[in-house]
Structure formats: structure tokens, C-alpha cells
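# Structural overview
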Amino acid sequence: DQNPPKPKPIFNQSNPVPLLLSSRFSVEDDSSNLDEMPLMMSEEAFENEESDYQTLPRARLAQRRRGLGWLLLGAWKLLCGSCCDCLLRLCRRRKELKARTVWLGCPEKCEEKYSKNIIKNQKYNILTFVPGVLYQQFKFFLNLYFLVVACSQFVPSLKIGYLYTYWAPLGFVLAVTMVREAVDEVRRCRRDKDMNSQLYSKLTVRGKIQVKSSDIQVGDLIIVEKVTDDLLFFSGACFIRTDQLDGETDWKLKVAVGCTQRLPAVGDLFSIKAFVFAQKPQLDIHSFEGNFTREDSDPQIQESLSIENTLWASTVVASGTVIGVVIYTGKETRSVLNTSSAKNKVGLLDLELNRLTKALFLAQVVLSIVMVALQGFVGPWFRNLFRFVVLFSYIIPISLRVNLDMGKSAYGWMIMKDESIPGTVVRTSTIPEELGRLVYLLTDKTGTLTQNEMVFKRLHLGTVSYGADTMDEIQSHIVRSYGQVSAQVSGTTPSGKSQTAGPRVRKSVSSRIHEAVKAIALCHNVTPVYESHGNGETESAEADQDFTDDNRTYQASSPDEVALVRWTESVGLTLVNRDLTSLQLKTPSGQILSFHILQIFPFTSESKRMGIIVREESTGEITFYMKGADVAMASIVQYNDWLEEECGNMAREGLRTLVVAKKSLSEEQYQDFESRYSQAKLSLHDRALKVAAVVESLEREMELLCLTGVEDQLQADVRPTLELLRNAGIKVGGWDTELLYRASCFSTLPFGVSNRGEAHLELNAFRRKHDCALVISGDSLEVCLRYYEHEFVELACQCPAVVCCRCSPTQKAQIVTLLHQHTANRTCAIGEPADPGGVCGGGFLQNLSDWTLIILVIVIFLLQAVFSSVFYFASVPLYQGFLMVGYATIFTMFPVFSLVLDQDVKPEMALLYPELYKDLTKGRSLSFKTFLIWVLISIYQGGILMYGALLLFESEFVHVVAISFTALILTELLMVALTVRTWHWLMVVAELFSLACYLASLAFLSEYFDRSYITTWPFLWKVSAITLVSCLPLYIIKYLKRKFSPPSYSKLSS
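Keep in mind it's a predicted model, so treat the numbers as computed, not measured.

This part covers the overall build of the chain. Per the secondary structure count, the chain includes 37 helices and 30 strands. Considering only contacts within the chain whose residues lie at least 6 apart along the sequence, 74% involve residues at least 24 apart. If you sum the accessible surface of the chain, you get close to 51,200 Å²; carbon and sulfur atoms cover 57% of it.

Now for the nonpolar core. Within the largest apolar cluster, 57 residues are counted, with the highest numbers of intra-cluster contacts made by Leu-883, Phe-965 and Phe-1009. Broken down by element, the residue count for this core peaks at 9 residues, all from helix H33 (residues 957–979). Ignoring any residue separated from it by four or fewer positions in sequence, one finds Leu-883 in contact with Val-961, Phe-965, Leu-1005, Tyr-1008 and Phe-1009. Ranked by size, the runner-up nonpolar core spans 42 residues in total, among them Met-454, Phe-456, Ala-563 and Val-660.

Taking 1.5 Å per residue, 15 residues should reach 21 Å; helix H19 (residues 667–681) reaches 21 Å between its end C-alpha atoms and fits that length. Within H19 the residues assigned to the buried category are Tyr-670, Phe-673, Tyr-677 and Ala-680. Mapping the buried residues of H19 onto a view down its axis gives an arc of 90°, with all of them on the same face. Along H19, the residues that are exposed and aim more than 90 degrees away from the buried face are Glu-668 and Gln-679. Buried residues in H19 make contact with strand S21 (592–601), strand S22 (609–616), strand S23 (622–628) and helix H20 (687–696).

Strand order in this open sheet of 4 strands is S1-S8-S9-S10, and the pairing throughout is antiparallel. The sheet is open, and its two borders are formed by strand S1 (100–103) and strand S10 (301–305), each paired with just one other strand. Going across the sheet, the axis of each strand differs from the next one's by a mean of 20°, ignoring polarity. With 4 bridges connecting them, S1 and strand S8 (residues 274–278) associate as antiparallel partners. Following the sheet pairing, Val-102 is matched in S8 by Val-276.

With that settled, consider helix H6 (residues 163–196). In this model, H6 (34 residues) spans 47 Å end to end at C-alpha, consistent with the 50 Å of a helix rising 1.5 Å per residue. Buried within H6 we find Thr-165, Tyr-166, Pro-169, Leu-170, Val-173, Leu-174, Thr-177, Glu-181, Glu-185, Arg-188, Asp-192 and Asn-196.

A few words on the packing of helix H5 (residues 141–152) against H6. Contact geometry for H5 and H6: axes closest at 9 Å, N-to-C directions at 145°. Here H5 and H6 pass one another in a crossing that is left-handed. In this structure, H5 contributes Phe-146, Leu-147, Val-149, Ala-150 and Cys-151 to the contact, and H6 contributes Tyr-166, Trp-167 and Leu-170. Its residues assigned to classes, the contact of H5 with H6 shows 8 nonpolar, no polar and no charged.

Further remarks concern the environment of Asn-640. Note that Asn-640 resides in the loop between helix H17 (630–633) and helix H18 (643–652). On the basis of relative accessible area, Asn-640 is assigned to the partly exposed category, the value being 22%. When the C-alpha atoms of Asn-640 and Leu-704 are compared, they prove to be 8.4 Å apart, with 64 residues separating the residues in sequence. Of note is the side chain of Asn-640, whose polar atom sits 3.5 Å from the backbone nitrogen of Trp-642. A distance of 3.0 Å separates the side chain of Asn-640 from the backbone nitrogen of Leu-643, its partner in a polar contact.

Quick look at the packing of aromatic side chains now. A full pass over the atoms with the stated rule returns 20 aromatic pairs. Between Tyr-145 and Phe-146, the aromatic rings sit 5.4 Å apart at their centres with planes inclined by 80°, giving edge-to-face as the arrangement. Phe-146 carries the same exposure label as Tyr-145, and that label is buried. The interplanar angle of 85° and the centroid separation of 5.4 Å between the aromatic rings of Phe-891 and Tyr-998 together place this pair among those described as edge-to-face. With Phe-891 in the loop between helix H28 (882–888) and helix H29 (893–897) and Tyr-998 in helix H34 (residues 985–1001), this pair connects stretches of sequence that are 107 residues apart. Per residue, the accessibility class of Phe-891 equals that of Tyr-998, and both read buried. Put simply, the rings of Phe-601, Phe-624, Tyr-670, Phe-673 and Tyr-677 pair up and form one aromatic cluster.

Here the idea is simple: oppositely charged side chains can pair when their charged atoms come close. Under the counting rule described, the total for this entry stands at 15 salt bridges. Residue Glu-561 is joined to Lys-627 by a salt bridge in which the shortest nitrogen-to-oxygen separation is 3.3 Å. Residue Glu-561 is located in helix H16 (residues 559–570), and its partner Lys-627 is located in strand S23; the two are separated by 66 residues in the primary sequence. Just as Glu-561 is buried, Lys-627 falls in that class too. A salt bridge links Arg-615 to Glu-667, with the nearest nitrogen and oxygen atoms 2.9 Å apart. Remark: Glu-667 occurs in helix H19 and Arg-615 occurs in strand S22; sequence separation between them is 52 residues.

This paragraph deals with the sheet that holds strand S19 (residues 574–578). Taken in spatial order, the 9 strands of this open sheet run S16-S15-S25-S24-S23-S22-S21-S20-S19, and their pairing is antiparallel. Only two strands of the sheet have a single neighbouring strand rather than two, namely strand S16 (465–466) and S19.

The subject of this paragraph is the pairing of strand S2 (residues 199–204). Counting buried positions along S2 yields 5 of 6 residues, so the element is predominantly enclosed. Here S2 folds back onto strand S3 (residues 207–212) in antiparallel fashion, the turn holding 2 residues. As paired elements, S2 and strand S4 (residues 221–224) share 3 bridges and run antiparallel to each other. Bridge pairing in S4 links Ser-201 to Ile-223.

In most cases, non-glycine residues show a negative phi, while peptide bonds are predominantly trans. A positive phi is found at Ser-314, a non-glycine position, where the angle reads about 80°. Residue position: Ser-314 is located in the loop between strand S11 (310–311) and strand S12 (316–317). Ser-314 gets classed as partly exposed once you look at its relative accessible area, which sits at 25%. With a phi angle near 55°, Asp-686 is a residue other than glycine that sits in the positive phi range. For Asp-686, a relative accessible area of 52% gives the class exposed.

Let us now look at the confidence of the model for the chain. Detailed reading of the predicted coordinates is not advisable wherever pLDDT falls low. Here the chain shows a mean pLDDT of 75. Residues at 70 or above account for 75%. Per-element confidence in the chain is highest for S23, whose mean pLDDT is 94, and lowest for helix H1 (residues 16–28), whose mean pLDDT is 29. In this model, residues 1–38 is a region of pLDDT below 50 whose contacts with residues beyond four sequence positions or in other chains number 77 contacts. For residues 534–545, every residue scores under 50 in pLDDT, and the model assigns this stretch 2 contacts once sequence neighbours within four places are set aside.

Once that is clear, we can look at the environment of Leu-920. Topologically, Leu-920 is positioned in helix H31 (residues 917–921). Through-space distance from the C-alpha of Leu-920 to that of Val-439 is 10.0 Å; in sequence the pair is 481 residues apart.

The subject of this paragraph is the side chain of Asp-560. Examined against the element boundaries, Asp-560 turns out to sit in helix H16. A distance of 3.2 Å separates a polar atom in the side chain of Asp-560 from a polar atom in the side chain of Ser-558. When near neighbours in sequence (up to four residues on either side) are disregarded, Asp-560 contacts Met-454 and Arg-656.

On the surface, a cluster of nonpolar side chains totalling about 820 Å² of accessible area is made up of Tyr-162, Tyr-164, Phe-882, Ile-890, Phe-894, Trp-985, Leu-986, Val-989 and Phe-993. No other element matches the 4 residues that H34 contributes to the nonpolar patch. One can find Tyr-164 in helix H6. For Tyr-164, a relative accessible area of 38% corresponds to the partly exposed category.

This paragraph deals with the packing of helix H14 (residues 509–522) against H16. Between H14 and H16, the least distance of the axes is 9 Å, while the angle of their chain directions is 135°. In terms of their interaxial angle, H14 and H16 are classed as oblique. The two elements H14 and H16 meet at a crossing, and its hand is left-handed. In this structure, H14 contributes Val-517, Ile-520 and Ala-521 to the contact, and H16 contributes Leu-564, Trp-567 and Thr-568. Partitioned by chemical class, the residues of the contact of H14 with H16 number 5 nonpolar, 1 polar and no charged.

With that out of the way, let us pick up the environment of Ile-307. Here Ile-307 lies in the loop between S10 and S11. For the pair formed by Ile-307 and Gly-290, sequence separation is 17 residues and the distance between their alpha carbons is 9.4 Å. Residues in contact with Ile-307, not counting those within four places in the same chain, are Lys-254, Ile-285, His-286, Ser-287, Phe-288 and Trp-312.

Cut-off values and rules
Throughout this document, residue positions are counted from 1 along each chain, in the order its sequence is written. Selection of residues for local features in this predicted model requires a pLDDT of at least 70, selection of side-chain atom pairs for listing and counting requires 80 or more, and totals for whole chains, interfaces and linings are taken over all residues. Hydrogens are left out, water is left out, and the side-chain values use all remaining heavy atoms of the structure. Under the scheme used here, helices are H or I runs from DSSP no shorter than 4 residues and strands are E runs no shorter than 2 residues, and both carry numbers assigned from the N terminus. Here a residue-residue contact requires only that any non-hydrogen atoms of the pair lie within 4.5 Å. Surface accessibility in these figures is a Shrake-Rupley result with a 1.4 Å probe; residues are shielded only by whichever protein chains are displayed. We define the nonpolar core as a collection of buried residues of types Ala, Val, Leu, Ile, Met, Phe, Trp, Tyr and Cys that are connected through side-chain atoms lying within 4.5 Å of one another. Only protein chains enter the area calculation, which uses a 1.4 Å probe; residues under 20% of their type maximum are buried, those over 50% are exposed, and those in between are partly exposed. Each residue after the first adds 1.5 Å to the expected span of a helix. Throughout, the arc means the angular range of directions from the helix axis out to the C-beta atoms. Pairing between strands is defined by DSSP: at least two bridges between the two strands are required. Each axis is a line fitted through C-alpha atoms, taken for helices only over the stretch in contact, and angles between the N-to-C directions span 0 to 180 degrees. Each crossing is labelled by how the near helix is turned from the far one, with a counterclockwise turn of less than a right angle marking it left-handed and a clockwise turn marking it right-handed. Side-chain classes are defined by residue name, with Ala, Val, Leu, Ile, Met, Phe, Trp, Tyr, Cys and Pro counting as nonpolar, Asp, Glu, Lys and Arg as charged, and the others, Gly among them, as polar. Any N or O atom pair separated by 3.5 Å or less is treated as a polar contact, with the protein-specific requirement of one donor-capable and one acceptor-capable atom, and with residues adjacent in sequence counted only for side-chain atom pairs. The rule is short: rings of Phe, Tyr and Trp, with Trp giving its six-membered ring, pair when the centres are within 6.5 Å, and they are stacked under 30 degrees, edge-to-face over 60, tilted in between. We define a salt bridge as a contact between a side-chain nitrogen of Lys or Arg and a carboxyl oxygen of Asp or Glu at a distance within 4 Å. A residue's pLDDT is the predictor's confidence in that residue, given on a scale from 0 to 100. Exposure above 30% relative accessible area and the absence of a salt bridge qualify a residue for a patch, where like charges join within 9 Å and nonpolar side chains (Val, Leu, Ile, Met, Phe, Trp, Tyr) within 5 Å. An angle counts as roughly parallel when it lies under 35 degrees, as roughly antiparallel when it exceeds 145, as roughly perpendicular when it falls between 65 and 115, and as oblique in every other case.

Rendered as C-alpha cells:
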């Protein structure tokens, strides 16, 4: 597939880290002497200047693709595709997306007309359906060839037989395709109609009214449960599910705009004069910048808006209802912008058959030229040449496309009905056979190889480490520590200055555990949820709730945070309540500690950390807590000599690590920070950079509290599955740090570079390693792909396993694309880089049905060639009318199609010996060598059938047709039986049904057969003799080959 699908939404987010890395490399790298140091494995690649490194792989691909074959057979496709793309761009010219001002509840005040809120997933409309389907069909050489041949029959001088002989099969193929496309289009239309007709509650000055989803406009105030537009949230707080948008199943907390929360009633939204300034529609679903302004207050109120205030389309409110103002609709919503248009995917099998079809066409043209040359190029030889081309057109079977599509549909149905993989859904029915050709498997770790269920395993304080068997010690320290605190509080100790009395005194283990557990219990985005057992309203239920442990569950956007909060609960410090501005902890003695939330800095993939500033109500102390990945926190915390080593130790145990730190702030420090932070959040230009700069001013010399280790347990049978894949010849790549330590069976080599020179040396050193897994970080990957893209991909392809640590989603998508561009092999991406996929076992696809069909038509082709050569090179068809139509359909189609039920070995045997899969990935079943073998078989059988009929017929020409055609049908049925490895009862039914159809047709085809002759004994023994001579030697050869040189699967079967 030369046009990879658009990546997931997370891939489209702007990532400042690679940009910083790129600028750093251009400054630090001394590349002046590297052009004279060729990489040992590919010397010609480094004779270029530095500017050529980005284009070198593409230039190689272009040189490999271009050639005489491309010029003759592929240029027309490129030309047509370019013209169609230009027309589409002209017809679909989109207006420029701009930032917008949205007035609350006043769509009529919008400055310009925005997109209608209509969902449209159809590929075609009434006018484009027929041209679009025809273009998709005739862009392949096979169908285009038959269209030209069929159209030639309207020219009297080129007419060979009846029109229906050519137009009936072509029309049948097009009818089947159009019916299938029409059914899909109708289903899409119905789904869109249902979505656009859903009713929603719209708030107006006169009250609540019901409107259709398609009638919602920018500026409307909507009460929703399932979101169909991009909204700005105006009431309370809620949890939403985003699994339909980004694939994540964890609930996410959304908060309303602060100014609107203070309104006494919902109807007051219409009594204020306010508007929202929103950034222009964009792809990134993880960021939003805007401002909320209320003009009717004095002074004017202005509040910054972020992603926490938004509800994107395709999300679902997990509980209750929300009120929001619509800011984006229709094509401008995040979900639609990140949805790629439907594309027709083409598999390797289609491409290989297309090449073989061109080879058959070339043979057809050559033989036609030979026939005309043997005539001596007399008369209108050019017309005769075209007549011979039409006459030999059956060498390319039009039923091949029908059998191929039906076979793919059958394989997709088998996958979905496979009891060993229940719940599997085949979303693309055009490429199921690609699962039998995979060479590279790229997988995300979290949620794919693991269960995404986190369990707290280890706490490290620098000098002491606590594991699962010593958690009771932490609990005793917490009980003792908070017992002392409660005693001090009961003794009326003034406002908490005891903790800051001696900052330079070395803290005891108990106090360090106390601070670490307290930090973990406070620094998170977790919300406790209490389920109501009564039947009352939610508000009254919440008012009457008590903090009982049995009724409490935790919700958060990350399961890591839930695991940490559950652990603090197990050791005695329990999160019992949380809202937008405060949270409460319960100590082992039952005392409630209240904290006011001043600021929250959410986790992002760029920062790799999150923070929170809280004020303890009992003491008034302000503390800044932060936790994050070790690579992000190492430069933030104070100097230590143990963090890096212990992070490595935990990673080797397969634990996800988080570094926790804190910093005490004075009232003056916080007020200064808050003013700068608020000003940065209101900025309309470079808001993210300005906010990050202000936050980073706090992230200096923070006190390192602890290092936590959380285990994400592996899915069942991950280790044997990876081993099976490796034995099957599939190379595995992973996106995470712990994947290698948990599930790999290979020796490893860490690969870390920071500039071009180090990358040059490491690549030269790594090429000398053998059977060694590659481990590379995201920063090192950025360097290698910048300077040595082609060489790095070559080395990675030679490794049995590759693990990319801490790489961004954009880099993951880039690796998938590079593998696709630099190799001719198929790649399966599971998890974040692409849609989920799977591999099924068993004898999946051997393509013998295609070869059987090709051999049948080559035999017809040779029969016609022998007939024309014997009868003075006349361009007269041997079989006319219904004989050829029936031959291409009911006489041969069902036995060939039944071969989809064939199996080399049982699925259990295939899983026991995964090495059998390697034969499929080599593609030998559709190689030119195999093609030539089948051509030789066809030449032998065609010669026997034609010359046998000519030698044995007595007086009339119609006897030649009867003998040869009957022997041809029997030979083809026997050839299908010859290719079967494992018989299925439906195969026998297909063989008998086809034979019965042919015998029944003899009674109605009197113009082709002499009824009095076909019922005589001479006809029967002549047909039997010719069939026996054409098939028996092939059976003998097959038996001897299986006896003395059996294939690998037959050895296992025996």
C-alpha cells in the first residue's frame, strides 16, 4: 500500500522536543569530517553532501521503480491518477480555517458562516457512484484489458464471436462489484442519517427545545450525554469516555469555565454578555487554546481556556449531563479532521496477479505476432493481428477477479467465525491474505502486551527500599507518624513551623516515608467516586454520603495514578474526597486532612511529568509536588547519586518508574508565580511556550522524595507468543522501555547516541553484532533518522527484535512508514501506530486456486493456438457463444472457489511448527518460477487435448469441438482434485455439481454438440483416453515428488 493511512490523532500533535533536538544537532555536530568516513556497510550512501541524506532513500526507491516496464505499463496509471487528483482538489477546494469568536447562545452573531453539523461518511453520491466504481475497477490492468477487448467487438472487422461472449462476464463482474459497493454505501448512508437525526436539548431564552443534530450551529447552548460537536463546558465537572476518539478506556475529568460556575442558575447564561475566542480548528485532540470574556462586568472578566474545559465530538459523558457552547461543527470537529478518507487497499496478491496478467498479455501479443508472421503479413495484417489478440484474450481469465474477491470474503468470514479468536472483526475484506505474508510486527506495550492493570510493587527512598513483603513496615511508620502529628495538633502547636525549624538536619526514615506517602497521596488527578445505593437524586445522595471504604472507587485518566492512590490507601493514608478546588485525606486514626488545590499542571507526552500546588488548611503551608519520568525529573531534582542506578534496576525488573519530588513555597513566591502564570495563560500567541517557561521557573532544585515502581502485568502467554513469532520468521518491534526486560529471548545491545559522530561510530560497531536485539531511545532515534535513515533501517531489519524506548507517537508512525518504504515486505502495526490487528494460524493462503484458474485458461489459449495453426492460421474461434461463457462461470468456477477450504496442515500443527510460516512470506507460490511450471503443464495438456481430438475425430468438425471441450472440462475438474491437500465435503459437492451442470447443458447445446454422437461408445472412450493421457502423467509426477522430495508440511503430516 503506497499510501499509508493517516496516523491516529495523537500522532498529529505538535511536538517541540524533536524541534529542539534538531536545532541542537545542527549546532553541536561537527559533520565536516564525517563525509570522509564512509559507513562500512553501504559506502556509496555517504558520497553525498549532508543535504542529500534526507532524499537518498527516496531516490533509491525511485530508481528501483523506474524502468521500461514502469514506462510502458505504469505511466498511464500515474497520469490518470494525477489528473483525477487535480480535479478532486479543484472540486473540493476548502476554505481557510481561522480562529473564531463565539457568542454564548447567539449563533446569529457569528462573523462568518461555519460548517454544517452533518456527518457524511459516504464515498460517493448519486452522480459520482457509477464513475467512481468504474474508475476503481478499470485502474487495474485486468479489467481495463477486458473492457478494451469487449469494446472492440462493436467493430465489424474485429468481431470474433457473439457480443454476450465478452460482455456477459464483464457485466457480471461489474454488477457484482457495484452491488457490493451499493450495499456498503446504503449502510453508510443509513448510519449517517441516524446520527444526523438524533435529538438534542438546546437551551434558548424561551427554555429548552429539541433539535436534530444536523441543525446544531456554532454558538448554541446544548445539553448533551453523547457529544456530536466540539463543545466548551459550562456547568460543574464530569467524567467522559474517549475510547471512540483516541482508544483510551480510562475516564477523563473535565471541568467547567470558572466564571459560569458561579452563576446561580442555568438560565443566567443568557443574561450575561460573554463570548469565547477559540483557536482555529486543528488536528491535535490533546490541546486547546482560547479565552472566555465577560463584557458586562466591571472590570471585564477574562479567563483562559484549555483542553480541560472542552468536550470533543465522539466522546461520551460517563455520568449525568453537561451544558456547553458549540465551538466547532461538522467537518471542523477534531474527530472529523483526524478521520482519513476511505481508501481502497490493495494487497500483495493483487499486485502480483496484476504483474502476471501483464506477462500473460505480453505472451498473447507475441503469439499473435507469430501467427500473423506465419501468414506472411499478407492483406490487412494489422487487422488480423488485433483479431488474434482478441481471439487469444481468454488467456487472461476475467473470472479470476471474481474468484479472488469471493475468496477474500470467505477468508474474512472464516476469521470472524474462528472459535479460537472470538470477537475478531475483519474491518477490511480486501486484504485478509496479507496476514499470511507478514515479516515485521510492531506493537505497543501498554494495553497490548500488558493488561493495563497496575500494581504498586516498590518504593525507594535512596538509602532504603521497600517491596511487596515489607509494606507493613511502611504502614507502621505511617501510623506512628500521624499519631505524633495528631498529638501535636491536640497540644495546640502553632501553625506548623516545626517542619521548617531545621531544614539542614538529616531526616529520619520515618519522616521521609511520611513525606513520600503524603506526596504520592496528593500529587495526582484521581477522583474518588461513591456509588449511591439508594433511589434518590444524585445531589441528595452525594450530600448524605459517608467516606466508607466499601463504597469507594477511583477514577483517573491513567491507571498508574489509580495504583498509586490505592497503595497509599493500603498503608493508611486514604483519599476520601476531591473536587475542583480541594481534596481530603483520611489518616489511620480517622482524622481528615484538608488541602486547597491552588494549581494543577497535567501530564503531557512532551513534559513527561505532572505537578500540583496545594495549601494545607490546618497549617497554611504551600507545597509544590511533582512526579514524572526519570529522564524529565533528573535535571529538576537536587543532586543525588542513586536515582539513575535505581531507575535502571527497576526497569530491569519490568517496573514502570516515577520520580516524586516537592518544593515548599512562601506566600510571596506563590503570589508572584500566580500572577505570571495567569498572564501567560491569557496570551493569544505562543501560549504553550510562555506557560511552560513560567512553570519551569518553579522546577528548580526540588527535593527528591522517592522513586516508585509499578508493575503492568503481561497478558497471558505473551512470552511463548513472541517466541512463536520469532520462530515463524516474523521480526518483532516494540515501543517501550520494559518490553525487552519482560518478554525478550535475545541478547541486547543498548544504542545511545547524541550527535552525528556518535551515530556514525555506533552504526559501524553495531553491524558487527549478530543475533542481537536493538534497544534505542527516542533521542538517539531522532539523530539516526536525521542523518543515516537508510542505513539505520537496514540494520534494524537485520535484528531479530527492536525496542524503541521513550519515543514519541510521531516517531512510532515514522518508523512504520520507513519500514514500508525501505522494504518490500508487509508490516503489521498493533496498538498506537495503527489500528489493532491479529495473526491467525492454520494453512491460510497458498494461492493454488489462482494457479488452477490460470492453468485452465492457458489450456484454452493453447487449444485455440493449435487449432488456428492447424487450420491455416485462421482467426476463427474454436469455442463460441455459450461454451466460453459457461466455461468461465458454472462449468469451472465452483471447484476452483472450493479450494479456499484446502489446508496444508491442521491449525494445531501450524502452531506447533511455526517455521512453516516462512514459506508463505517468501511468496514462492506466486513467483515467476512457479508460473513457468504451470505454463509448461498447460502446454502439455493443451497439446494433448487438441491433437488428440484432431487425431481421433472421424468426419465432422463438430466432433472435434465435442471431444476436446468435454475432455477439457474433465481435465480441469481432475486438475482441481490434483491440487487438493486436505479434502472437504464441500469440495466433492462442487466437483459433482459442476460436472452435473455440464452434462445437463449437453441436452440444450444442440448447435455445438451432435446429440446422436455424444451418446455413442466411441465418443466416451476417446474422451476418456485423451483425459487419461493429459492427467495421469501429472499424477505420477506429483506422487514421485512427494515420495522423494516432499515439502515440509507433508513431512509433518506423515
